[in-house]
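Coordinate inspection notes
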Amino acid sequence: MKCFKAYDIRGRLPDELNGDIAHRIGRAFAETVGQGSVVVGYDVRLDSPTLAAALSRGLTDGGCDVIDIGLCGTEEVYFQTSHRGVAGGIMVTASHNPIDYNGMKLVREDARPISGDTGLREMERKVEANAFGAPASPMGIVTRDHDKSAYINHLLGYIDVAQLQPLKIVVNAGNGGAGAVIDLLAAHLPFEFVRIHHAPDGTFPNGIPNPLLPENRQATAQAVIEYGADFGIAWDGDFDRCFLFDAAGRFIEGYYIVGLLAAQLLEKHPGAKIIHDPRLTWNTIDMVQGAGGVAIESKTGHAFIKERMRSEDAVYGGEMSAHHYFRDFAYCDSGMIPWLLVAERMCRTGQSLAQMLDERMRAFPCSGEINFRVSDAAATVERVLAFYAGHQPTLERIDGVSASFGNWRFNLRSSNTEPLLRLNVEARGDEALMRAKTAELEALIVEPANR
């Protein structure tokens, strides 16, 4: 079925995903996890409550009890699944996809992801066959529990509130679900929050919340400058990612936040292991080693990062795409914990975000991720490698291909979720070299018809 992807379920409504398919997914999920309770939550999209209700009917028909936690973020489903010790959890969300899309993120006990090689393909076959028997006897029941207090207390446990100083912070929920959590946290924090696009609104009057797109950053950047804020935060719709802006309104690449958080967590957990993705690596490795930790590279993608974190007992994992994973958060990603840690560090050190990161950006300038649509990704990668073969780069194929030339490197990989080829370039202390090599690679990748 078209809505089943590598890591989750996403599709256009109503042809690729609808109430009938959601009901079937519930039945298939019940057969996958067996008897027990399942946490169900949903994002702000207008059709999410309806899909969640159909999903819940499928779960109860399959004999599972449902704990309906209502409007929430993906990380709340992860937290409640682990915290309550239940059989699994499902978040109804399409995150930053277009407005006519929706989807689901699925986990089993202890918030372990259900993805392509851990049950999702078998679920897809069950949904396609639609050969479910009569409803279970007795059927499951639905319990509504929208209390977020345990989740809020857990978030606050990552910081020392007594060390916090008054900061002014711009928060842009993008009319998604993050605003409700900020309001609950605000009662415990000495911060002044400047709220923009704060109210949840599934019509997305200010556009789909996806701060990775440069055109979606301006509102946050302008507000930081206008209100003289210490920094700014923007989230995607289901707020499992957060994006930071310094006091000048400058967008901070997620890559540099990975190193910053890794070093901070290593202060509390000396010698711990840190997992990172292969797209941009040098700054992270340098900061982890400098803080006495062990940097371990993993294939990109939440299922791979979480699995590697569990096997290594890593305290933290970070991806340059602004996914940040924490051992004490059931090895799951959170869009709330990162900014709390950054705010605590600012208060404790007296440094601004720019002061923390400017030196790192100069030491390891990067291109940020650049996406290309190509007719043949594999052929394009081989063409690029052939061009550089005479330079004898060090090659790695952990995820796509990474080529290192000593003073600069690149990673080129096919997306796991979209028909795109993704490029990242970084250099050692030479921004001009990084930009020149980025332009060189772009010329090699872009096909003549698209120039």
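Sequence order as written defines residue numbering, which begins from 1 separately in each chain. Residue-level local features of this predicted model are given only where pLDDT is at least 70; pairs of side-chain atoms are given and counted only at 80 or more, and the full residue set underlies all totals for whole chains, interfaces and linings. The basis for every side-chain value is the complete set of heavy atoms in the structure, and neither hydrogens nor water enter the calculation.

Looking at the sheet that holds strand 12 (residues 294–297)
Note the threshold: Pairs of strands are assigned from DSSP output, requiring at least two bridges between the strands. Only DSSP runs of H or I reaching four residues or more are called helices, and only runs of E reaching two or more are called strands; each is numbered from the N terminus. Between two residues, a contact is recorded if the distance between any of their heavy atoms is within 4.5 Å. For helices, the axis comes from a line fit to the C-alpha atoms of the stretch in contact; other axes are also lines fit to C-alpha atoms, and the angle between any two N-to-C directions lies between 0 and 180 degrees.
Taking strand neighbours across the sheet as the criterion, the five strands line up as 12-11-13-14-15 in an open arrangement whose pairing is mixed. Looking at the sheet topology across the chains shown, the edges are occupied by strand 12 and strand 15 (332–333). Packing against the sheet, helix 8 (residues 254–268) makes contact with strand 11 (273–276), strand 13 (316–319) and strand 14 (323–326), and its axis sits at approximately 170° to strand 13. Sheet strands in contact with helix 10 (residues 302–312) are strand 11, strand 12, strand 13, strand 14 and strand 15, and its direction is about 165° off that of strand 11.

Side note on helix 1 (residues 19–33)
The condition is simple: Multiplying one less than the number of residues by 1.5 Å gives the expected span of a helix. Accessibility here uses a 1.4 Å probe with only protein chains present; expressed as a share of the type maximum, an area under 20% marks a residue as buried, one over 50% as exposed, and anything in between as partly exposed. Any pair of nitrogen or oxygen atoms within 3.5 Å is treated as a polar contact; in protein, a donor-acceptor pairing is required on top of that, and neighbouring residues in sequence qualify only through side-chain atoms on both sides.
Taking 1.5 Å of rise per residue, 15 residues should cover 21 Å, and helix 1 covers 21 Å from first to last C-alpha, within 8% of that figure. Considered for burial, the residues of helix 1 that qualify are Ile 21, Ala 22, Arg 24, Ile 25, Gly 26, Arg 27, Ala 28, Phe 29, Ala 30 and Val 33. For helix 1, the elements touching its buried residues are strand 1 (9–12), strand 2 (37–42), helix 2 (48–61), strand 4 (88–92), strand 5 (101–108) and helix 4 (116–129). The N-terminus of helix 1 is capped by Asn 18, whose side-chain oxygen sits 3.1 Å from the backbone nitrogen of Asp 20. Gly 34 lies just past helix 1 and shows a positive phi near 80°.

Some details on the nonpolar core
Which entries qualify depends on this criterion: Grouping buried Ala, Val, Leu, Ile, Met, Phe, Trp, Tyr and Cys residues that are joined through side-chain atoms within 4.5 Å yields what is termed a nonpolar core.
Among the nonpolar cores identified, the biggest contains 66 residues, and Leu 189, Phe 191, Phe 231, Trp 235, Met 336 and Trp 339 are the most heavily contacted of them. Per element, the largest residue contribution to this core is nine residues, and it comes from helix 8. Beyond its immediate chain neighbours, meaning those up to four positions away, Trp 235 contacts Val 171, Asn 172, Ala 173, Ala 178, Ile 182, Pro 209, Pro 211, Arg 241, Cys 242, Gly 335, Met 336 and Trp 339.

A look at the packing of aromatic side chains
Put simply, the rule is: Centres within 6.5 Å are what make two rings of Phe, Tyr or Trp a pair, Trp counting through its six-membered ring; a difference in plane orientation under 30 degrees is then read as stacked, over 60 as edge-to-face, and the rest as tilted. Put simply, a charge is over a ring when the Lys NZ or the Arg CZ is close to the ring centre, within 6 Å, and near the line of the ring normal, within 35 degrees.
Inspection of every chain in the model, using the stated rule, returns 18 aromatic pairs. Taken together, the aromatic side chains of Phe 387, Tyr 388, Phe 405, Trp 408 and Phe 410 make up a single cluster linked through ring pairs. Above the face of the Phe 251 ring, Arg 217 is positioned so that its terminal group lies 3.6 Å from the ring centre. Here the guanidinium or amino end of Arg 428 rests over the ring plane of Trp 282, the centre of that ring lying 3.7 Å away.

With respect to the pairing of strand 3 (residues 65–71)
Put simply, side chains in a regular strand alternate between the two faces of the sheet. Note the cut-off: Handedness is read with the strands pointing away from the viewer; a crossover is right-handed when the path from the first strand over the helix to the second is clockwise.
Counted residue by residue, strand 3 has five buried out of seven residues, so it is predominantly covered. Both strand 2 and strand 3 contribute to a ladder of six bridges, which runs parallel. From the neighbouring strand, Val 40 faces strand 3, where its bridge partner is Asp 68. You can see the chain leave strand 2, run along helix 2 and come back into strand 3, and the turn it takes is right-handed. The pairing of strand 3 with strand 6 (residues 142–144) spans three bridges and is parallel. Paired with Ile 67 across the strands is Thr 143, a residue of strand 6.

So, the environment of Leu 353
Checked against the element boundaries, Leu 353 lands in helix 12 (residues 353–363). Take Leu 353: its relative accessible area is 1%, and that puts it in the buried class. Residues Leu 353 and Tyr 325, spaced 28 residues apart in sequence, show a C-alpha to C-alpha distance of 21 Å. Non-local contacts of Leu 353, meaning those with residues more than four positions away in its chain, are made with Phe 231, Leu 244, Phe 245, Asp 246, Ile 252, Leu 260, Val 342 and Met 346.

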